[in-house]
Amino acid sequence: MKTLRLILGDQLNSRHSWFSKADDSVTYVMMEVRSETDYVKHHIQKIIGIFAAMRNFANALKRKGHKVIYFSLDDNANKQSLAENIHHLIAKHGFQRFEYMLPDEYRVDKYLKALCKEMDIESHAWDSEHFLTHRQEVAEFFEDKQYLMERFYRMMRQKHGLLMDGNKPVGGRWNYDKQNRKKLPQGVKVPAPLEFHHNHSELFDIIKESGVAWFGNPKADDFPWPVNREESLQLLGYFVKYLLSDFGTYQDAMHTNEAFVFHSRLSFALNTKMLHPNEVMDAAVNAWKNKKADLAQTEGFVRQILGWREYLRGIYWAKMPEYEQLNFFEHELPLPEYFWTGKTKMNCVQHAVSQSLEHAYAHHIQRLMVTGNFALLAGINPDELDKWYLGIYIDAFQWVEITNTRGMSQYADGGLLASKPYVSSANYIDKMSNYCQTCYYNKKQKTEDKACPFNALYWDFIDRNREKLSVNQRMSMMYCLLDNASHSRKKQSW
Ligand code: FAD
Ligand code: DLZ
Ligand code: SF4
């Protein structure tokens, strides 16, 4: 039967069973379309990276003998919408069946279901063969019990036999977090990131000329990110060889000279499915088996992928579409202009934002404990934040962006995902970074002219949310401090 199959920009999984052998009756379609570039304002590296990877993927399929129709952004025949292009192709070529891989985003899922309903040919949705859990697995695992990442993670370790010794975790512990999380000391040399130096100037010109809105440093003539499977595998190999051995130890460390510290930068390759989570975790576990990394580093890394990544995806499918409306603290302030420019005297925010504009990347603690922390303390509207996080990072796709932003970082789900809000004063930022050392503000001061804004904002947040948070056992110490201490004692405890 003459079949048309859609491949989305984040479905570049060359090992999917669709591609095991070329079939003359099947045509694949991939498209660069305004309906996907324009749903949020994107960092230009994200658009270039996705388009370049899509083009490479289409060419690789053609080389393997598959039939591929590719709509580039500037193609005259491109109707700039998934549905319109698909309708047009079906009419033009007489396809009798339409197939797609389950998309990762609720919006696209709904859209494709509606599209299939209005078609008068057969349609079918395939699994993307990427994740280790199915969409409803987290919801089914917890049923009506409280969601807890650690429980899910242990089940996943057992189910997949990763870092297990029979029924027990190797080394006797499930979690080595306490050994990790150190500040980057002077003298520790961080290996330079592996970058790929592509020239994507022509692609950048096409994007510019099309009028797509974008921001950030394009790096079009020296593009650093992997845009095919071979490069993704190289990045994985580089991480395992040079970075994994210090990954856990400095996982939470931030430094003015080190944008990436010992992080893998694999999220773009993973989220576009150029890499499978199993091969990434296997590479780390093999490094541990070959004594190239210790257990604490390896477990810390595996937990991010086997635990957090799958867990957040499960929450997404359990709670969408309601999740994107949640605003527990009823925060309504607009996003400050300096989130788009980095121009602020707060050194930590300045570094996290400028680096994001430069690299379309910031590591987890910068996202959570600098920009996210500031936004939560200040009371920024989570809708605005979602748009910002979804646009600025090369790895941002809604299933993993919104759960991290609204859930983990902003506590907008009222504690479904995080057991307490991730908020801190200057104390934590100073503990994990060198930002405060060269900041205009004084990390110790609370009310003086140069007092660090995080300090007053922190206690204001605690105070103004008493009704919502004082029932939370994990917050009770902060309320005791606030209630029992005299005003001057309160200041000392900051
Ligand atoms: P590493 O630190 O090297 O970790 C290895 C891998 O583990 C990552 O590539 C990623 O696949 C996975 N991982 C680690 N932490 C998480 C997590 N919290 N959730 C899911 N997977 C995780 N991650 C995204 O992939 N896309 C996003 O849009 C995104 N938005 C975020 C927004 C906020 C507010 C926060 C706090 C975190 C967000 N994260 C997001 C999670 C995390 O920050 C990134 O996955 C990580 O920084 C990617 O860099 P890396 O590949 O160097 O990760
Ligand atoms: C993010 C993105 C962008 C910017 N552009 C495209 C595109 O032109 N064509 C496409 O197929 N996919 C694109 N993507 C990724 C999609 O938005 C992603 O496939 C959906 O978010 C579904 O998860
Ligand atoms: Fe950030 Fe405050 Fe430290 Fe400055 S003093 S870097 S604003 S935490």
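Please read these numbers as outputs of a predicted model, since none were measured by experiment.

J.: Would you explain the packing of helix α13 (residues 347–359) against helix α14 (residues 364–378) in this entry?
T.: Interaxial distance between α13 and α14 falls to 10 Å at its minimum, and their mutual angle equals 115°. Relative to α14, α13 is oriented so that their crossing is left-handed. For the pair α13 and α14, the contacting residues are Cys 348, Val 349, Ala 352, Val 353 and Gln 355 in the first and Gln 366, Val 370, Thr 371 and Phe 374 in the second. Residue composition of the contact of α13 with α14, by class: six nonpolar, three polar and no charged.

J.: Help me understand the domain arrangement of the protein, please; the structure alone is not making it clear to me.
T.: A common measure of how large an interface is: the accessible area buried when the components associate. You can read the domains of the protein as domain 1 (3–126), domain 2 (137–214 + 226–319) and domain 3 (338–493). A straight line from the C-alpha centre of domain 1 to that of domain 2 covers 28 Å. Counting from both sides, the interface comprises 29 residues of domain 1 and, opposite them, 23 residues of domain 2. For the pair domain 1 and domain 2, the two sides together bury roughly 2200 Å², of which 66% comes from carbon and sulfur. When the buried area of domain 1 at its contact with domain 2 is split by residue, Ile 44, Ile 48 and Asp 104 rank highest and sum to 21% of it.

J.: Explain the packing of aromatic side chains to me, please; I cannot follow it from the model alone.
T.: How two aromatic rings sit relative to each other is given by the distance of their centres and the angle of their planes. Evaluation of the coordinates by the stated rule reveals 37 aromatic pairs. Both rings, one in Trp 18 and one in Trp 126, keep their centres 6.1 Å apart while their planes meet at 75°; by these two values the pair is edge-to-face. Of this pair, Trp 18 sits in the loop between β1 (3–6) and β2 (26–31) while Trp 126 is found in strand β6 (residues 122–126), placing the two residues 108 residues apart along the sequence. Here Tyr 440 and Tyr 441 contribute two aromatic rings whose centre-to-centre distance is 4.9 Å and whose plane-to-plane angle is 85°, an arrangement assigned as edge-to-face. Residue class for Tyr 441 comes out partly exposed when judged on its relative accessible area of 21%. Taken together, the aromatic side chains of Tyr 338, Phe 339, Phe 374, Trp 388, Tyr 389, Tyr 393 and Phe 454 make up a single cluster linked through ring pairs. Over the face of the ring belonging to Phe 397 we find Lys 46, whose NZ or CZ atom lies 5.3 Å from the ring centre. Cation over ring: Arg 107 sits above Tyr 39, and NZ or CZ is 4.0 Å from the ring centre.

J.: Explain the site of ligand 3 to me, please; I cannot follow it from the model alone.
T.: Ligand 3 sits among Met 346, Asn 347, Cys 348, Ala 426, Ile 429, Tyr 435, Cys 436, Cys 439, Tyr 441, Lys 443, Cys 452 and Phe 454. When atom positions are compared with the pocket grids, ligand 3 is found to occupy the second largest cavity. At the level of secondary structure, the elements contributing two or more residues to the shell around ligand 3 comprise α13 and α17 (426–432). Of the residues assigned to the shell around ligand 3, the class counts are ten nonpolar, one polar and one charged.

J.: Is there a simple way to think about the packing of helix α8 (residues 229–247) against helix α10 (residues 277–289) in this case?
T.: Contact geometry of α8 with α10 gives a least axis separation of 10 Å together with a crossing angle of 30°. The angle between the axes of α8 and α10 places the two elements in the roughly parallel class. Two packed elements cross with a definite hand, and for α8 against α10 that hand is right-handed. Contacts between α8 and α10 pair Arg 229, Leu 233, Leu 236, Val 240 and Leu 244 from the former with Glu 279, Val 280, Ala 283, Ala 284 and Ala 287 from the latter. Its residues assigned to classes, the contact of α8 with α10 comprises eight nonpolar, no polar and two charged.

J.: Explanation requested: the nonpolar core in the structure shown.
T.: Proteins that are soluble and globular tend to have nonpolar side chains buried together. With 146 residues, the main nonpolar core has Ile 7, Ile 207, Leu 266, Phe 301, Tyr 311, Phe 454 and Ile 462 as its most contacted residues. Residue contacts for Ile 207: discarding those within four places in its chain leaves Ile 44, Ile 47, Ile 48, Phe 51, Leu 73 and Val 212. One finds Val 33, Ala 83, Tyr 100 and Met 119 within the second-largest nonpolar core, a separate group that totals 21 residues.

J.: Mind showing me how you'd approach the side chain of Asn 455 here?
T.: Within the secondary structure, Asn 455 is located in helix α18 (residues 453–464). According to the relative accessible area criterion, Asn 455 is buried, its value standing at 2%.

J.: What is the right way to read the site of ligand 2 from this model?
T.: Around ligand 2, the structure places 17 residues, and the nearest of them are Asp 10, Met 31, Val 33, Glu 36 and Glu 105. Met 31 has a polar backbone atom sitting 2.7 Å from a nitrogen atom of ligand 2. Between Glu 105 and ligand 2, the recorded distance is 2.5 Å, taken from a side-chain N or O atom to an oxygen atom. Taken by itself ligand 2 offers 490 Å² of open surface, and the protein chains cover 100% of this. When residues of the shell around ligand 2 are traced back to their parent elements, those giving at least two are α1 (34–37), α2 (44–63) and α4 (106–118). Considering each element in turn, the shell around ligand 2 owes the most residues, three residues, to α2. Grouping the constituent residues of the shell around ligand 2 by class yields eight nonpolar, three polar and six charged.

J.: What is the right way to read helix α3 (residues 82–93) from this model?
T.: Every α-helix carries 3.6 residues per turn, so stepping three or four residues along brings you back to the same face. Under the 1.5 Å per step criterion, the end-to-end length of α3 is 16 Å for twelve residues, consistent within 8% with the ideal 16 Å. Every buried residue of α3 is listed here: Leu 82, Ala 83, Asn 85, Ile 86, Leu 89 and Ile 90. Down the axis of α3, the buried set is contained in an arc of 165°. They therefore lie on one face. Of the exposed residues in α3, the ones pointing more than 90 degrees away from its buried face are Ala 91 and Lys 92. Tucked into the core, α3 has its buried residues touching β1, β2, α1, β4 (67–71), β5 (97–101) and α4. Just downstream of α3, Gly 94 is the residue with a positive phi angle, here 65°.

J.: It is not clear to me how the pairing of β6 should be interpreted in this structure. Could you clarify?
T.: Residues in a regular strand point their side chains to alternate faces of the sheet. Taken together, the five bridges between β5 and β6 define a ladder with parallel strand orientation. Paired with Glu 99 across the strands is His 124, a residue of β6.

Rules behind the numbers
- Sequence order as written defines the numbering, with residues in each chain counted from 1.
- Chains carry letters from A onward and ligands carry numbers from 1 onward, assigned in written order.
- Reporting in this predicted model follows two pLDDT cut-offs: at least 70 for local features of residues, and 80 or more for side-chain atom pairs to be given and counted; totals over whole chains, interfaces and linings ignore these cut-offs and use all residues.
- For the side-chain quantities, the full set of heavy atoms in the structure was used; hydrogens and water were omitted.
- Here an axis means a line fitted to C-alpha atoms, over the contact stretch when the element is a helix, while the angle between two N-to-C directions is reported on a 0 to 180 degree scale.
- A helix here means a DSSP run of H or I that spans at least four residues, while a strand means a run of E at least two residues long, and both kinds are numbered starting from the N terminus.
- Handedness of a crossing follows from how the near helix is turned relative to the far one, being left-handed for an anticlockwise turn of less than a right angle and right-handed for a clockwise one.
- Contacts between residues were defined by any pair of non-hydrogen atoms, one from each residue, lying within 4.5 Å.
- Residues are grouped as follows: Ala, Val, Leu, Ile, Met, Phe, Trp, Tyr, Cys and Pro are nonpolar; Asp, Glu, Lys and Arg are charged; every other residue, Gly included, is polar.
- All the domain ranges listed were derived from an automatic or database domain assignment.
- Values labelled buried area give the accessible surface lost by two parts on being combined, using a 1.4 Å probe and summing over both.
- Pairs were defined over the aromatic rings of Phe, Tyr and Trp, the Trp ring being its six-membered one, requiring ring centres within 6.5 Å. Orientation was assigned from the angle between planes: stacked under 30 degrees, edge-to-face over 60, tilted for the rest.
- A 1.4 Å probe rolled over the protein chains alone gives each residue an accessible area, and that area as a share of the maximum for its type sets the label: buried under 20%, exposed over 50%, partly exposed in between.
- In this scheme, the term charge over a ring applies when either NZ of a lysine or CZ of an arginine sits within 6 Å of the ring centre and within 35 degrees of the ring normal.
- A single heavy atom is enough: if one lies within 4 Å of a molecule or strand, its residue is considered near that molecule or strand.
- Cavity: a set of points on a 1 Å grid over the protein atoms alone where a 1.4 Å probe fits but cannot get out. Pocket: an open set with protein on both sides within 12 Å along at least five of seven lines, its lining residues, like those of a cavity, having an atom within 4 Å of a point.
- Pocket occupancy is defined atom-wise: a molecule lies in a cavity or pocket when more than half of its atoms are within 2 Å of its grid points.
- Oblique is the label for every angle not falling under 35 degrees (roughly parallel), over 145 degrees (roughly antiparallel), or within 65 to 115 degrees (roughly perpendicular).
- Only buried residues count toward a nonpolar core. Its members are Ala, Val, Leu, Ile, Met, Phe, Trp, Tyr and Cys residues joined through side-chain atoms within 4.5 Å.
- As used in this structure description, the phrase polar contact means that two N or O atoms lie within 3.5 Å; if the pair is within protein, one of them must be able to donate a hydrogen and the other to accept it, and residues adjacent in sequence are counted only when both atoms belong to side chains.
- For the accessible areas, the method is Shrake-Rupley and the probe is 1.4 Å, while residue cover comes only from the protein chains on display.
- Between the first and last residue of a helix there are one fewer steps than residues, each counted as 1.5 Å, and that sum is the expected span.
- Picture the helix axis, draw a direction to every C-beta atom, and the arc is the one those directions span.
- In short, DSSP must find at least two bridges between two strands for them to pair.

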